[in-house]
Amino acid sequence: MMQITTKAVSHPLAILGDPIMFEGGGLYVNKPTRPDRDLLFNLIDSVIDKNQYSNQGPLACELENKIAAYLGVKHCILVSSGTMGIQLLCEALGLRGEVILPSFTFIATAHALSWTGLTPIFCDIDPITHNICPKHCKKLITDKTTAILGVHLWGNICSVKQLEMIAEENNLALIFDSAHAFSCGNQNGLAGGLGTAEAFSFHATKSFHTGEGGAVTTNSDSLAEKLRLVRNFGFIDFNKTACKGINGKMSELHAALGLANFSIIEETLTLSKRNYELYCELLEPIVGLSILSFEGPHNFHYIVIEVDASYGLNRDALVDVLIQENIHARRHFSPGCHKMNPYKTEPKLNSLPYTDLISQKCLVLPGGANISENEVLGVVKVLVSAQIRAAEINKHLLNM
Ligand code: T4K
């Protein structure tokens, strides 16, 4: 078991004038995984040989088949980003009016609805899981509501059964923003076939990535067909369109990166789990810091902690300490979307006490597969030192 002493005489902290813990590059939240270069270059060679760079080339088709089989879902439709995936899904489902979503999410979830002409209605979260609260969701349904958009935040799966019941009773579509949830699931298996459809992000900072990209997954044949149409301008034939569409396709070069990263998924998951478990072990004795627990199959990609008053420093002061050490922790997702432009000026904003509470104490630390055990140890050393020297830090920040 790794141990960090709290009795050492010296607890150097850059914010108080001591040397920086991570000189040079620094640590970032979810630095991208690196694919095997030879495999990637071979795949890129094959793209150049075939001279096909987009429009559902062989690599995009291969990746779609591999992802669908891995997630245990009938259809995987690759798209150009996670945001585009949500937009295509809303368009393909013909959603109109209001869609209920949690406010505690990346702003893209709300923007995707807005871009599709939908009104985002912000819902509160469960303070333990950070996911949409079904009870509050039910209260927000009006005659204009057409869908519920759950977000499997940090890879923790929403309360699917409860949301399904609410959606069914009220004749609503149930869709999921699964941007964080690749390789995550519940007792029934991996996310991919939940609700009507799910939208994944394969941005570079995600557990599995294609640089930029994403996918929509569904078990519905008709929805998959519509999604493929909408993704490609609505074309059914040369010069013939069936519906409104857009360019939401994934290029062959992005698919090549995806195939290369797909081949290292197990390795990525193993390293992320090792780092998450090491954080759990080392953070356990620190009063006032708690790490979000994960259930079910998980990618262990996000190291999410909550900073309570008993820690001695508030979340924002702790971020200042970490940044000075070149540890680029992030205040995800602060503030909640309902307090961000353009949504904060909506006349009918709900009060979201748990969203406000969690967004003030939540912090994401560098994690994922691309961080070493020694680096995790270094981050935790800073957290320990910051608590020991909290009074000095608070005084220092007050005088700045
Ligand atoms: N729904 C949810 C719940 C989401 O979290 C997201 C995206 C979406 C929907 C939409 O999916 P996409 O349309 O993006 O596919 C990042 C990502 O851009 C975004 O994908 C992600 N969520 C969000 C939570 O975080 P930033 O602005 O924090 O990322 P950025 O560019 O600062 O990168 C983080 C760190 O990683 C950097 O500090 C440096 C490092 N990095 C980053 C990139 C891109 C690298 O080392 N190499 C790289 O190539 O938004």
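Residues numbered from 1 in each chain as written. Predicted model: local features only at pLDDT ≥ 70, side-chain atom pairs only at ≥ 80, totals over all residues. Heavy atoms only, no water.

Next up on the list: the overall build of the protein chain. Check the secondary structure of the protein chain and you find 13 helices and 16 strands. Here the protein chain has a C-alpha radius of gyration of 22 Å; the compact-globule value for 400 residues is 21 Å, and the two agree. Restricting to contacts in the protein chain with at least 6 residues of sequence separation, those with at least 24 account for 71%. Looking at charge distribution, the protein chain has the averaged site of its 32 positive side-chain charges lying 4 Å from that of its 39 negative ones. (Helix = DSSP H or I, 4+ residues; strand = E, 2+ residues; numbered from the N terminus. Rg over C-alpha atoms; globule rule 2.2 N^0.38 Å. Contact = heavy atoms within 4.5 Å. Lys, Arg positive; Asp, Glu negative; His and termini not counted. Charge placed at Lys NZ, Arg CZ, Asp CG, Glu CD.)

Moving on: the pairing of strand β2 (residues 75-79). Counting buried positions over the five residues of β2 gives five, a clear majority of the element. Taking every second residue as pointing to the same face, both faces of β2 are buried, with H75, I77 and V79 on one and C76 and L78 on the other. In this sheet, strand β10 (residues 214-218) lies alongside β2 in antiparallel orientation, the contact comprising five bridges. Bridge pairing links I77 to V216 in β10. (Buried < 20%, exposed > 50% of the residue type's maximum accessible area, 1.4 Å probe, protein only. Pairing = 2+ DSSP bridges.)

Look at helix α3 (residues 82-93) against helix α7 (residues 221-231): their axes get within 9 Å of each other, and the N-to-C directions meet at 120°. Classified by chirality, the crossing of α7 by α3 is right-handed. Between α3 and α7, the residues in contact are L88, L89, E91, A92 and L93 and L223, K226, L227, V230 and R231, respectively. (Axes fitted to C-alpha atoms, helices over the stretch in contact; angles between N-to-C directions. Left-handed = near helix turned anticlockwise from the far one by under 90°.)

Taken together, 24 residues are adjacent to the ligand, and T83, D177, H180, S201 and R330 come closest. Taking T83, its side chain carries an N or O atom lying 2.5 Å from an oxygen atom of the ligand. Within the side chain of K206, an N or O atom sits 2.9 Å from a nitrogen atom of the ligand. Those elements that provide at least two residues to the shell around the ligand are α3 and α4 (107-115). (Near = heavy atom within 4 Å. Polar contact = N/O pair within 3.5 Å; in protein donor to acceptor, adjacent residues only side chain to side chain.)

One open sheet accounts for seven strands, arranged β2-β10-β9-β6-β5-β3-β4; its pairing is mixed. Two strands in the sheet have a free side with no partner beyond their single neighbour: β2 and β4 (119-123). Strand-to-strand twist across the sheet, computed as the mean angle between neighbouring axes with direction ignored, equals 25°. Lying on the sheet, α7 is in contact with β2, β9 (197-201) and β10; it crosses β2 at an angle near 15°.

Let's shift gears to the packing of helix α9 (residues 265-283) against helix α12 (residues 373-388). At a minimum axis distance of 10 Å, the contact between α9 and α12 shows a crossing angle of 30°. One way to sum up the angle between α9 and α12 is to call them roughly parallel. Pair α9 / α12 crosses with right-handed handedness. Here R274, N275, L278, Y279, L282 and L283 of α9 lie close against α12, whose contacting residues are E373, V376, L377, V379, V380 and L383. Split by residue class, the contact of α9 with α12 holds nine nonpolar, one polar and two charged. (Parallel < 35°, antiparallel > 145°, perpendicular 65-115°, else oblique. Nonpolar A, V, L, I, M, F, W, Y, C, P; charged D, E, K, R; others polar.)

A few words now on the sheet that holds strand β14 (residues 303-307). Ordered by their spatial adjacency, three strands build an open sheet running β13-β14-β16, and the pairing between neighbours is antiparallel. For this open sheet the edge positions go to β13 (289-291) and β16 (362-365), each flanked by a neighbour on one side alone. Direction aside, neighbouring strands of the sheet carry axes that sit 35° apart on average. Where β14 and β16 come together, four bridges link them in antiparallel fashion. By the bridge assignment for β16, V304 is matched with V364. Most of the contacts of α9 go to β13, to which it runs at about 155°, and overall it touches β13, β14 and β16.

Scanning the entire structure with this criterion turns up 17 aromatic pairs. Judged by centre distance (5.6 Å) and plane angle (80°), the ring pair of Y70 and F262 falls under edge-to-face. Linking Y70 in helix α2 (residues 58-71) with F262 in helix α8 (residues 252-262), this pair joins segments that are 192 residues apart in sequence. The class for Y70 is partly exposed, based on a relative accessible area of 23%. Ring geometry for F182 and F200: centres 5.8 Å apart, planes at 85°, overall edge-to-face. In this pair, F182 is assigned in the loop between β6 (173-177) and β7 (185-186) and F200 in strand β9, connecting sequence segments 18 residues apart. You'll find F182 and F200 in the same group, each marked buried. Among the aromatic residues, ring-to-ring pairing joins Y70, F182, F200, F202, F208 and F262 into one connected group. (Phe/Tyr/Trp six-rings, centres within 6.5 Å; stacked < 30°, edge-to-face > 60°.)

Any functional reading would require information that these geometric values do not contain.
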